[in-house]
Amino acid sequence: MLPASMSSPMLLAASLFLLATFHIPLTASQTVTAIPVLGYHQIDAPDNSWFSLPLSNFTQQMDAVVSLGYTTISPEQYVAWLNGNSAGLPAKPILITFDDGIANAYPATDVLVARNLRAVMYAVSGFANNPDGFFSDWDQLTLMKSRGWYFQMHAGALGHYAMNSPCFTFYSCRIGNETAAQFEARITNDIVNGQQELFEHDLISGPSITYALPFDDWGQYRSDTVVTTVLPAVLRSRFSVVFNQDYGYQPGSNRRYRFEIHSDTTMAMFLTGLTDSRFGTPAVPTPYTTVPLTKAPPTTTAPYTVIPVLQYQQMNNPSIYSITTGNFTLHMARLAALGYSTITPQQYVQWLQGNTAGLPARPIMITFDDNIANANAATAVL
């Protein structure tokens with residue numbers, strides 16, 4: 001037992017020594033049986049967010065990763081390993097990930113580069129399109145890539161914004177009276193166009209084959225069978241791997257466990273987390289698949305292959321079917337910033353019939369139900 005008086009640096013050194021002592025390097029005839037996946041968000045956030053940690057803590061954790069003999073790998077190598085291909089993997093591979101493209105994640109870069117480590121950023125195209133100082137813009141993300149970051153998709157234009165009730169999360173809740181087909185089209189459109197934007201900005205060279213769920217929510221908290229059936233099916237068709245954290249993780253489908261690091265993650269917790277049994281290979285191999293990007297880059301003349309349809313009902317009423325003028329204004333401003341233009345029901349029907357003549361580059365249809373008088377407050381905003 002280590003003395004109670006031992007300082008934290010001494011305790012860390014002793015812990016690393018013990019773990020490293022019992023690590024037996026893989027031989028050529030052995031295969032990798034587990035790959036830890038770490039998840040981060042922010043570094044040195046000014047509000048001391050639970051999703052942030054001091055740069056000194058991150059540095060200490062990366063020192064531990066190196067001391068224990070780990071080598072970072074790419075998302076492609078991780079997926080290949082899940083499919084039974086360990087060729088080219090280091091003896092102790094690890095996947096380090098960050099979510100959201102938050103600007104204060106950049107200080108992690110120098111720590112990673114100095115230790116010959118690389119991380120994956122799960123980026124949100126909607127955040128990069130509307131940088132506010134908190135989120136990185138496309139130029140900042142491009143700089144990160146030039147310094148060794150991998151990129152994968154986290155969400156598209158709208159998929160990571162907190163929504164008005166009754167839906168907080170974009171992907172895991174049906175809006176209004178959406179049919180199963182409309183729900184599937186909405187989430188697929190956001191995923192496809194989000195990947196397209198990452199591709200156009202040269203952050204990915206092909207489809208993002210792994211995915212980290214916004215809010216860690218794939219529908220496991222919903223009683224809506226359409227959501228719990230359609231969303232996992234869409235994610236299976238678009239991504240080889242979907243990462244989940246402790247509070248949202250459930251095995252199955254193409255979901256894989258990720259150890260998310262928070263401000264209260266101690267070094268002892270970090271070291272224990274690296275050996276979590278959920279990092280092991282699946283007991284029963286899962287047929288991972290991915291669908292290539294097929295949509296052409298949007299231009300000023302080529303309409304999107306999916307047209308979003310938004311449904312509202314009331315304004316400024318204490319009802320789950322109502323939205324405040326302030327929130328509605330934010331929605332409309334964001335749509336305008338993203339280049340959407342409204343169309344008529346006739347244009348929508350013509351598009352369904354294969355006629356795209358006269359459509360804007362990013363068409364959208366905005367609807368209200370029931371002729372409720374207070375909906376008139378939307379007129380001035382529109």
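Note that the structure is predicted; figures quoted are calculated from it, not measured.

Calculation rules
In every chain, residue numbers begin from 1 and rise along the written sequence. In keeping with the predicted nature of the model, local features appear solely for residues at pLDDT of at least 70, side-chain atom pairs appear and are counted solely at 80 or more, and the whole-chain, interface and lining totals rest on all residues. For the side-chain quantities, the full set of heavy atoms in the structure was used; hydrogens and water were omitted. Each helix is a run of H or I in the DSSP string that is no shorter than four residues. Each strand is a run of E no shorter than two, and both are numbered from the N terminus. Categorising residues by exposure relies on relative accessible area from a 1.4 Å probe, with only protein chains included: less than 20% of the type maximum marks a residue as buried, more than 50% marks it as exposed, and the intermediate range marks it as partly exposed. The contact rule is simple, with two residues in contact once any of their heavy atoms fall within 4.5 Å. Surface exposure here means Shrake-Rupley accessible area, sampled with a 1.4 Å probe, where a residue is shielded only by the protein chains that are shown. Strand pairing is defined by DSSP finding a minimum of two bridges between the two strands. Between Lys or Arg on one side and Asp or Glu on the other, a salt bridge is scored when a side-chain nitrogen of the former is within 4 Å of a carboxyl oxygen of the latter. Within 6.5 Å between ring centres, the rings of Phe, Tyr and Trp (the latter by its six-membered ring) count as paired, and their orientation is classed by plane angle as stacked under 30 degrees, edge-to-face over 60, tilted in between. In the analysis that follows, any N or O atom pair within 3.5 Å is treated as a polar contact, provided that within protein one partner can donate a hydrogen and the other can accept it, and provided that, for residues neighboring in sequence, both atoms belong to side chains. Scored from 0 to 100, pLDDT records how confident the predictor is in each individual residue. For the purposes of this section, nonpolar cores are sets of buried Ala, Val, Leu, Ile, Met, Phe, Trp, Tyr and Cys residues that join through side-chain atoms within 4.5 Å.

When its secondary structure is counted, the chain shows twelve helices and 16 strands. Residues classed as buried in the chain amount to 48% of the 382 residues present. Sequence separation of 24 or more characterises 70% of the internal contacts of the chain that already satisfy a separation of 6 or more. Split by element, the accessible area of the chain, about 17,700 Å² in all, is 58% carbon and sulfur.

What follows covers the sheet that holds strand β16 (residues 363–368). Ordered by their spatial adjacency, three strands build an open sheet running β12-β16-β15, and the pairing between neighbours is parallel. The open sheet has two free edges, formed respectively by β12 (309–312) and β15 (341–342), since each of these has just one partner strand. Across four bridges, β12 lies against β16 in parallel orientation. Looking at β16, one finds that V309 is bridged to M365.

What follows deals with the pattern of salt bridges. For the structure on display, the rule yields six salt bridges. For the salt bridge of R115 with D63, the shortest nitrogen-to-oxygen distance reads 2.6 Å. Remark: D63 occurs in helix α2 (residues 55–67) and R115 occurs in the loop between α4 (108–114) and β6 (120–124); sequence separation between them is 52 residues. We classify R115 as partly exposed; its relative accessible area is 25%. The partner of R186 in a salt bridge is E178, and the shortest N-O contact between them spans 2.6 Å.

With that settled, the discussion passes to the packing of aromatic side chains. Inspection of the entire model under this criterion finds 17 aromatic pairs. With a centroid separation of 5.2 Å and 70° between ring planes, the pair formed by W50 and F51 is classed as edge-to-face. Under the relative-accessibility criterion, F51 is labelled partly exposed at 30%. Residues Y171 and Y211 carry aromatic rings whose centres are separated by 6.4 Å and whose planes lie at 75° to one another, so their mutual orientation is edge-to-face. You can see Y171 sitting in the loop between β7 (150–155) and α7 (180–200) and its partner Y211 sitting in strand β8 (residues 210–212), a full 40 residues away along the chain. Assessed through its relative accessible area of 0%, Y211 is described here as buried.

Counting through the fold element by element, E178 comes out in the loop between β7 and α7. A polar side-chain atom of E178 sits 2.6 Å from a polar atom in the side chain of R186. When residues no more than four places from it in sequence are discounted, the contact partners of E178 are C173, F183 and R186.

What follows is about the confidence of the model for the chain. Averaged over every residue, the pLDDT of the chain is 83; the share at 70 or more is 83%. At the level of individual helices and strands, the chain shows its lowest average pLDDT in helix α1 (residues 8–21), which scores 45, and its highest in strand β4 (residues 71–72), which scores 98. Note that pLDDT drops below 50 for residues 1–29; the model gives that stretch 20 contacts with residues more than four away or on any other chain. Note that pLDDT drops below 50 for residues 297–303; the model gives that stretch twelve contacts with residues more than four away or on any other chain.

Our next topic: the nonpolar core. With 78 residues, the main nonpolar core has L38, Y40, F58, M62, Y78, F98 and F270 as its most contacted residues. Sort the elements by how many residues they give to this core and helix α8 (residues 225–238) lands first, with six residues. Filtering out sequence-adjacent residues up to four positions away, F98 remains in contact with Y40, H41, I43, F58, A105, A108, A119, V120, M121, Y122 and W149. Among the nonpolar cores identified, the runner-up in size contains twelve residues, and A157, L310, I323 and F328 belong to it.

Moving on to the environment of N193. Following the sequence through the fold, N193 ends up in helix α7. For N193, a relative accessible area of 6% corresponds to the buried category. The spatial distance from the C-alpha of N193 to the C-alpha of A157 is 7.6 Å, given a sequence separation of 36 residues.

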